[in-house]
Amino acid sequence: MLTEVCQGAPVVPIAHWALARLEGDNAPRARIERLQRLLHSHANDPQAASFLGFALYRILAARKQHEAAFAVLQRACAAKRSTLRYDEPAQEALVAALAAEPVTPAEASAAPNGVAQPIFIVGMHRSGTSLLERILEGHPQVVAGGEHYRLAAQARLAANHGCADVLGPELLRALRDVDAAALGHAYLAANAWLADGQSYFTDKLPQNFQLIGLIARALPHARVLHLVRDPLDTCASNLGELFGGANAAYSYHPHELARAYARYRRTMAHWHRVLPGFVLDVSYADLVSDPESTMREVFAFCGLEYRPEALDIRARTSPARSASALQVRTPIHAGSIGRGGESAPLREVLSAALQAAGVEA
(Lines give C-alpha, C1' and ligand atoms only; values in the text may rest on other atoms or scores of the structure.)
Protein backbone atom coordinates (compact mmCIF):
# COMPACT_ATOMS: atom_id res chain seq x y z
CA MET A 1 0.00 0.00 0.00
CA LEU A 2 2.77 2.46 0.93
CA THR A 3 4.60 1.64 -2.29
CA GLU A 4 1.51 2.44 -4.35
CA VAL A 5 0.98 5.74 -2.53
CA CYS A 6 4.60 6.73 -3.09
CA GLN A 7 4.41 5.92 -6.78
CA GLY A 8 1.24 7.86 -7.42
CA ALA A 9 -0.16 11.34 -7.08
CA PRO A 10 -0.69 13.50 -5.17
CA VAL A 11 2.65 13.45 -3.35
CA VAL A 12 2.32 12.31 0.28
CA PRO A 13 5.69 13.13 1.88
CA ILE A 14 5.01 11.27 5.14
CA ALA A 15 4.35 8.09 3.15
CA HIS A 16 7.80 8.33 1.55
CA TRP A 17 9.34 8.69 5.01
CA ALA A 18 7.40 5.70 6.39
CA LEU A 19 8.35 3.53 3.43
CA ALA A 20 12.02 4.43 3.76
CA ARG A 21 11.94 3.25 7.39
CA LEU A 22 10.76 -0.14 6.17
CA GLU A 23 12.94 -0.46 3.07
CA GLY A 24 16.40 0.56 4.23
CA ASP A 25 19.03 -0.51 1.71
CA ASN A 26 16.39 -2.53 -0.20
CA ALA A 27 14.99 0.61 -1.80
CA PRO A 28 15.33 0.46 -5.59
CA ARG A 29 17.37 3.06 -7.46
CA ALA A 30 14.17 4.46 -8.94
CA ARG A 31 13.00 5.36 -5.42
CA ILE A 32 16.17 7.34 -4.77
CA GLU A 33 15.82 9.23 -8.03
CA ARG A 34 12.15 10.00 -7.33
CA LEU A 35 12.98 11.30 -3.86
CA GLN A 36 15.71 13.52 -5.31
CA ARG A 37 13.25 15.00 -7.81
CA LEU A 38 10.60 15.50 -5.15
CA LEU A 39 13.07 17.22 -2.82
CA HIS A 40 13.94 19.64 -5.59
CA SER A 41 10.28 20.40 -6.36
CA HIS A 42 9.34 20.77 -2.67
CA ALA A 43 12.36 22.81 -1.60
CA ASN A 44 10.17 25.70 -0.44
CA ASP A 45 7.87 23.51 1.69
CA PRO A 46 9.78 22.75 4.92
CA GLN A 47 7.34 20.12 6.18
CA ALA A 48 7.48 18.18 2.91
CA ALA A 49 11.23 18.69 2.63
CA SER A 50 11.64 17.27 6.15
CA PHE A 51 9.81 14.03 5.40
CA LEU A 52 11.35 13.59 1.96
CA GLY A 53 14.84 14.49 3.15
CA PHE A 54 14.79 12.11 6.12
CA ALA A 55 13.45 9.40 3.81
CA LEU A 56 16.33 9.84 1.38
CA TYR A 57 18.84 10.08 4.24
CA ARG A 58 17.70 6.73 5.66
CA ILE A 59 18.10 5.00 2.31
CA LEU A 60 21.53 6.49 1.56
CA ALA A 61 22.78 5.80 5.09
CA ALA A 62 21.60 2.18 4.86
CA ARG A 63 23.56 1.91 1.61
CA LYS A 64 26.67 3.26 3.40
CA GLN A 65 26.77 6.32 1.12
CA HIS A 66 27.70 8.38 4.14
CA GLU A 67 28.90 11.60 2.55
CA ALA A 68 25.81 11.96 0.36
CA ALA A 69 23.57 10.88 3.24
CA PHE A 70 25.00 13.50 5.59
CA ALA A 71 24.54 16.28 3.03
CA VAL A 72 20.88 15.29 2.67
CA LEU A 73 20.47 15.04 6.45
CA GLN A 74 21.82 18.56 6.99
CA ARG A 75 19.25 20.02 4.62
CA ALA A 76 16.42 17.92 6.08
CA CYS A 77 17.31 18.97 9.64
CA ALA A 78 17.44 22.63 8.63
CA ALA A 79 14.00 22.31 7.05
CA LYS A 80 12.52 20.70 10.16
CA ARG A 81 14.26 23.15 12.52
CA SER A 82 12.72 26.09 10.62
CA THR A 83 9.25 24.86 11.61
CA LEU A 84 9.97 24.68 15.36
CA ARG A 85 10.21 27.10 18.25
CA TYR A 86 12.95 26.07 20.65
CA ASP A 87 13.75 28.16 23.72
CA GLU A 88 17.25 26.99 24.61
CA PRO A 89 17.86 29.70 27.26
CA ALA A 90 14.79 28.40 29.11
CA GLN A 91 16.31 24.92 29.12
CA GLU A 92 19.57 26.27 30.52
CA ALA A 93 17.59 28.12 33.19
CA LEU A 94 15.75 24.93 34.10
CA VAL A 95 18.97 22.98 34.67
CA ALA A 96 20.26 25.78 36.92
CA ALA A 97 16.95 25.87 38.79
CA LEU A 98 16.96 22.11 39.32
CA ALA A 99 20.49 22.27 40.73
CA ALA A 100 19.43 24.99 43.19
CA GLU A 101 16.12 23.42 44.20
CA PRO A 102 16.15 21.54 47.51
CA VAL A 103 14.99 17.94 47.18
CA THR A 104 13.20 16.33 50.10
CA PRO A 105 12.28 12.75 49.20
CA ALA A 106 9.33 11.20 50.99
CA GLU A 107 10.20 8.71 53.68
CA ALA A 108 10.32 5.25 52.19
CA SER A 109 7.77 2.76 53.50
CA ALA A 110 6.04 -0.36 52.26
CA ALA A 111 4.18 0.10 48.98
CA PRO A 112 0.40 0.06 49.39
CA ASN A 113 -1.12 -3.38 48.92
CA GLY A 114 -3.06 -3.89 45.72
CA VAL A 115 -1.78 -0.71 44.05
CA ALA A 116 0.39 -1.18 40.97
CA GLN A 117 3.67 0.69 41.26
CA PRO A 118 5.48 2.53 38.45
CA ILE A 119 8.83 1.71 36.93
CA PHE A 120 10.06 4.89 35.24
CA ILE A 121 12.44 4.45 32.31
CA VAL A 122 14.28 7.68 31.53
CA GLY A 123 17.21 9.03 29.54
CA MET A 124 17.86 10.73 26.26
CA HIS A 125 15.72 9.83 23.29
CA ARG A 126 17.27 7.00 21.25
CA SER A 127 19.20 5.63 24.23
CA GLY A 128 17.51 2.22 24.44
CA THR A 129 14.50 3.00 26.62
CA SER A 130 12.10 1.16 24.29
CA LEU A 131 14.25 -1.97 24.35
CA LEU A 132 14.39 -1.99 28.14
CA GLU A 133 10.62 -1.58 28.40
CA ARG A 134 10.13 -4.41 25.91
CA ILE A 135 12.23 -6.72 28.08
CA LEU A 136 10.54 -5.69 31.33
CA GLU A 137 7.17 -6.33 29.71
CA GLY A 138 8.14 -9.99 29.47
CA HIS A 139 7.87 -10.36 33.24
CA PRO A 140 4.44 -11.65 34.33
CA GLN A 141 4.13 -8.94 36.99
CA VAL A 142 4.87 -6.00 34.65
CA VAL A 143 2.63 -4.32 32.09
CA ALA A 144 4.03 -1.84 29.57
CA GLY A 145 2.61 1.66 29.82
CA GLY A 146 4.61 3.18 26.96
CA GLU A 147 5.30 6.88 26.51
CA HIS A 148 2.77 9.26 28.02
CA TYR A 149 2.65 12.55 29.91
CA ARG A 150 0.50 11.57 32.89
CA LEU A 151 3.12 12.50 35.48
CA ALA A 152 3.66 15.91 33.88
CA ALA A 153 -0.12 16.34 33.62
CA GLN A 154 -0.59 15.61 37.33
CA ALA A 155 2.19 18.07 38.15
CA ARG A 156 0.41 20.81 36.19
CA LEU A 157 -2.92 20.05 37.83
CA ALA A 158 -1.44 19.98 41.33
CA ALA A 159 0.46 23.24 40.80
CA ASN A 160 -2.35 24.86 38.79
CA HIS A 161 0.28 25.98 36.32
CA GLY A 162 0.64 25.26 32.62
CA CYS A 163 3.90 24.37 30.90
CA ALA A 164 4.76 23.70 27.27
CA ASP A 165 7.36 21.08 28.20
CA VAL A 166 7.56 18.34 30.81
CA LEU A 167 9.00 20.91 33.22
CA GLY A 168 9.98 24.57 33.26
CA PRO A 169 11.44 26.94 35.88
CA GLU A 170 8.06 28.47 36.79
CA LEU A 171 6.36 25.09 37.13
CA LEU A 172 9.29 23.87 39.23
CA ARG A 173 8.77 26.79 41.63
CA ALA A 174 5.02 26.22 41.72
CA LEU A 175 5.56 22.57 42.67
CA ARG A 176 7.32 23.53 45.91
CA ASP A 177 4.05 23.94 47.79
CA VAL A 178 1.98 21.10 46.34
CA ASP A 179 0.85 18.10 48.36
CA ALA A 180 3.31 15.63 46.86
CA ALA A 181 1.58 12.59 48.37
CA ALA A 182 -1.74 13.64 46.88
CA LEU A 183 -0.05 14.19 43.51
CA GLY A 184 1.39 10.68 43.70
CA HIS A 185 -2.00 9.15 44.55
CA ALA A 186 -3.61 11.00 41.63
CA TYR A 187 -0.90 9.72 39.27
CA LEU A 188 -1.42 6.13 40.43
CA ALA A 189 -5.19 6.48 40.03
CA ALA A 190 -4.74 7.83 36.50
CA ASN A 191 -2.71 4.74 35.62
CA ALA A 192 -4.79 2.14 37.49
CA TRP A 193 -6.47 0.98 34.29
CA LEU A 194 -3.06 0.01 32.87
CA ALA A 195 -2.17 -2.48 35.59
CA ASP A 196 -4.72 -5.17 34.67
CA GLY A 197 -3.94 -7.04 37.86
CA GLN A 198 -0.15 -6.75 37.57
CA SER A 199 2.06 -5.39 40.34
CA TYR A 200 4.06 -2.93 38.20
CA PHE A 201 3.61 -0.78 35.13
CA THR A 202 6.23 1.04 33.11
CA ASP A 203 6.26 4.75 32.31
CA LYS A 204 8.73 5.17 29.46
CA LEU A 205 8.80 8.89 28.75
CA PRO A 206 12.52 9.68 28.37
CA GLN A 207 12.05 13.35 29.37
CA ASN A 208 10.87 12.30 32.82
CA PHE A 209 14.54 12.47 33.83
CA GLN A 210 13.74 16.10 34.61
CA LEU A 211 11.07 15.00 37.11
CA ILE A 212 13.11 12.58 39.20
CA GLY A 213 13.06 14.96 42.16
CA LEU A 214 9.27 15.08 41.98
CA ILE A 215 9.11 11.29 41.69
CA ALA A 216 11.15 10.96 44.89
CA ARG A 217 8.71 13.26 46.70
CA ALA A 218 5.45 11.93 45.31
CA LEU A 219 6.17 8.28 44.53
CA PRO A 220 8.85 7.01 46.92
CA HIS A 221 8.04 3.39 46.05
CA ALA A 222 8.70 3.95 42.36
CA ARG A 223 11.71 2.52 40.61
CA VAL A 224 13.69 4.72 38.21
CA LEU A 225 15.84 3.15 35.49
CA HIS A 226 18.18 5.40 33.54
CA LEU A 227 19.47 4.23 30.16
CA VAL A 228 23.06 5.28 29.50
CA ARG A 229 24.31 5.08 25.92
CA ASP A 230 27.53 6.26 24.26
CA PRO A 231 27.30 10.05 23.66
CA LEU A 232 28.22 9.90 19.98
CA ASP A 233 25.86 7.00 19.27
CA THR A 234 23.06 8.75 21.17
CA CYS A 235 23.49 12.07 19.40
CA ALA A 236 23.93 10.51 15.96
CA SER A 237 20.73 8.53 16.44
CA ASN A 238 18.87 11.68 17.55
CA LEU A 239 20.14 13.77 14.64
CA GLY A 240 19.14 11.08 12.18
CA GLU A 241 15.59 10.70 13.53
CA LEU A 242 12.56 12.72 12.47
CA PHE A 243 10.53 12.99 15.66
CA GLY A 244 6.81 13.66 15.76
CA GLY A 245 5.56 17.21 16.26
CA ALA A 246 7.82 19.44 18.34
CA ASN A 247 9.27 16.50 20.27
CA ALA A 248 13.05 16.73 20.75
CA ALA A 249 13.19 20.15 19.07
CA TYR A 250 16.87 20.35 20.06
CA SER A 251 17.79 17.45 17.79
CA TYR A 252 17.98 19.15 14.37
CA HIS A 253 21.22 21.08 14.81
CA PRO A 254 24.46 19.41 15.97
CA HIS A 255 25.43 22.12 18.46
CA GLU A 256 21.94 22.48 19.92
CA LEU A 257 21.80 18.70 20.24
CA ALA A 258 25.21 18.51 21.92
CA ARG A 259 24.27 21.22 24.41
CA ALA A 260 21.00 19.43 25.19
CA TYR A 261 22.96 16.24 25.77
CA ALA A 262 25.33 18.07 28.13
CA ARG A 263 22.38 19.50 30.08
CA TYR A 264 20.90 16.03 30.40
CA ARG A 265 24.20 14.70 31.74
CA ARG A 266 24.42 17.52 34.29
CA THR A 267 20.86 16.88 35.40
CA MET A 268 21.43 13.16 35.92
CA ALA A 269 24.65 13.83 37.83
CA HIS A 270 22.63 16.15 40.09
CA TRP A 271 20.03 13.47 40.85
CA HIS A 272 22.73 10.94 41.69
CA ARG A 273 24.26 13.42 44.13
CA VAL A 274 21.07 14.39 45.96
CA LEU A 275 19.20 11.07 45.68
CA PRO A 276 21.88 8.39 46.01
CA GLY A 277 20.57 4.93 45.19
CA PHE A 278 17.19 6.14 43.92
CA VAL A 279 18.12 5.73 40.24
CA LEU A 280 19.74 2.71 38.61
CA ASP A 281 21.95 3.45 35.61
CA VAL A 282 21.54 0.79 32.92
CA SER A 283 24.27 0.64 30.30
CA TYR A 284 22.87 0.18 26.80
CA ALA A 285 26.10 -1.53 25.72
CA ASP A 286 25.78 -4.02 28.59
CA LEU A 287 22.07 -4.51 27.92
CA VAL A 288 22.65 -5.64 24.34
CA SER A 289 25.95 -7.49 24.83
CA ASP A 290 25.15 -9.25 28.12
CA PRO A 291 21.38 -8.99 28.57
CA GLU A 292 21.11 -11.74 31.19
CA SER A 293 23.53 -10.20 33.70
CA THR A 294 22.15 -6.71 33.09
CA MET A 295 18.53 -7.74 33.51
CA ARG A 296 19.28 -9.73 36.64
CA GLU A 297 20.48 -6.46 38.16
CA VAL A 298 17.49 -4.53 36.78
CA PHE A 299 14.91 -7.01 38.03
CA ALA A 300 16.58 -7.15 41.46
CA PHE A 301 16.51 -3.34 41.68
CA CYS A 302 12.79 -3.41 40.89
CA GLY A 303 12.12 -6.10 43.49
CA LEU A 304 11.31 -8.71 40.87
CA GLU A 305 12.52 -12.26 40.31
CA TYR A 306 14.63 -12.71 37.19
CA ARG A 307 12.70 -14.36 34.36
CA PRO A 308 14.87 -15.55 31.43
CA GLU A 309 11.90 -15.64 29.03
CA ALA A 310 11.73 -11.84 29.29
CA LEU A 311 14.75 -11.63 26.99
CA ASP A 312 12.77 -13.02 24.05
CA ILE A 313 11.34 -9.70 22.94
CA ARG A 314 10.03 -11.22 19.70
CA ALA A 315 7.30 -12.84 21.80
CA ARG A 316 5.69 -9.46 22.56
CA THR A 317 2.46 -8.66 20.78
CA SER A 318 1.71 -5.26 22.27
CA PRO A 319 2.12 -2.23 19.96
CA ALA A 320 5.30 -0.14 20.10
CA ARG A 321 4.71 3.52 19.28
CA SER A 322 8.12 5.11 19.78
CA ALA A 323 10.72 5.84 17.11
CA SER A 324 12.23 2.43 17.93
CA ALA A 325 9.06 0.51 17.02
CA LEU A 326 10.81 -1.47 14.28
CA GLN A 327 14.02 -2.19 16.20
CA VAL A 328 12.24 -3.69 19.23
CA ARG A 329 10.56 -6.32 17.04
CA THR A 330 13.91 -7.96 16.30
CA PRO A 331 16.03 -10.06 18.72
CA ILE A 332 18.34 -8.23 21.10
CA HIS A 333 21.55 -7.41 19.26
CA ALA A 334 24.61 -5.15 19.56
CA GLY A 335 24.44 -3.88 15.98
CA SER A 336 23.76 -0.28 17.02
CA ILE A 337 26.93 0.05 19.10
CA GLY A 338 29.39 2.31 17.32
CA ARG A 339 26.88 3.40 14.69
CA GLY A 340 27.59 7.05 15.50
CA GLY A 341 31.10 6.62 14.13
CA GLU A 342 30.17 4.92 10.86
CA SER A 343 29.77 8.17 8.96
CA ALA A 344 32.95 10.23 8.99
CA PRO A 345 31.17 13.56 8.19
CA LEU A 346 28.56 12.96 10.90
CA ARG A 347 31.17 11.84 13.42
CA GLU A 348 33.35 14.88 12.84
CA VAL A 349 30.50 17.37 13.18
CA LEU A 350 29.02 15.76 16.29
CA SER A 351 32.40 15.17 17.94
CA ALA A 352 33.23 18.87 17.55
CA ALA A 353 29.81 19.85 18.89
CA LEU A 354 30.11 17.55 21.90
CA GLN A 355 33.60 18.83 22.65
CA ALA A 356 32.36 22.41 22.50
CA ALA A 357 29.58 21.46 24.92
CA GLY A 358 32.08 19.94 27.34
CA VAL A 359 31.25 16.29 26.64
CA GLU A 360 33.85 13.70 25.71
CA ALA A 361 32.61 11.92 22.57
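Here we summarise the structure given alongside this text. (Residues numbered from 1 in each chain as written. Predicted model: local features only at pLDDT ≥ 70, side-chain atom pairs only at ≥ 80, totals over all residues. Heavy atoms only, no water.)

1. Some remarks on the packing of aromatic side chains
Next, step 1: Going through the model one piece at a time under the given rule, you end up with seven aromatic pairs.
Next, step 2: Measuring from centroid to centroid gives 6.3 Å for Phe-54 and Tyr-252, while their planes differ by 85°, and the two rings are edge-to-face. Of the two residues, Phe-54 is situated in helix α4 (residues 46–62) and Tyr-252 in the loop between α13 (231–239) and α14 (254–274); the sequence distance between them amounts to 198 residues.
Next, step 3: Look at Tyr-261 and Tyr-264: their rings are 5.4 Å apart centre to centre, the planes differ by 65°, and that puts the pair in the edge-to-face class. Here the residue Tyr-261 and the residue Tyr-264 both occupy positions in helix α14, the gap between them amounting to three residues, near one helical turn.
Next, step 4: Accessibility expressed as a relative area gives 4% for Tyr-264, which makes it buried. (Phe/Tyr/Trp six-rings, centres within 6.5 Å; stacked < 30°, edge-to-face > 60°. Helix = DSSP H or I, 4+ residues; strand = E, 2+ residues; numbered from the N terminus. Buried < 20%, exposed > 50% of the residue type's maximum accessible area, 1.4 Å probe, protein only.)

2. A closer look at the pairing of strand β3 (residues 200–203)
Next, step 1: Residues Tyr-200 and Thr-202 point to one face of β3 and Phe-201 and Asp-203 to the other, with burial holding for every one of them.
Next, step 2: Alignment of strand β1 (residues 117–122) against β3, held across four bridges, turns out to be parallel. From the neighbouring strand, Pro-118 faces β3, where its bridge partner is Phe-201.
Next, step 3: Where strand β2 (residues 142–143) lies against β3, two bridges are found, and the strand directions are parallel. Opposite Val-143, over in β3, you have Phe-201 as the bridge partner. (Pairing = 2+ DSSP bridges.)

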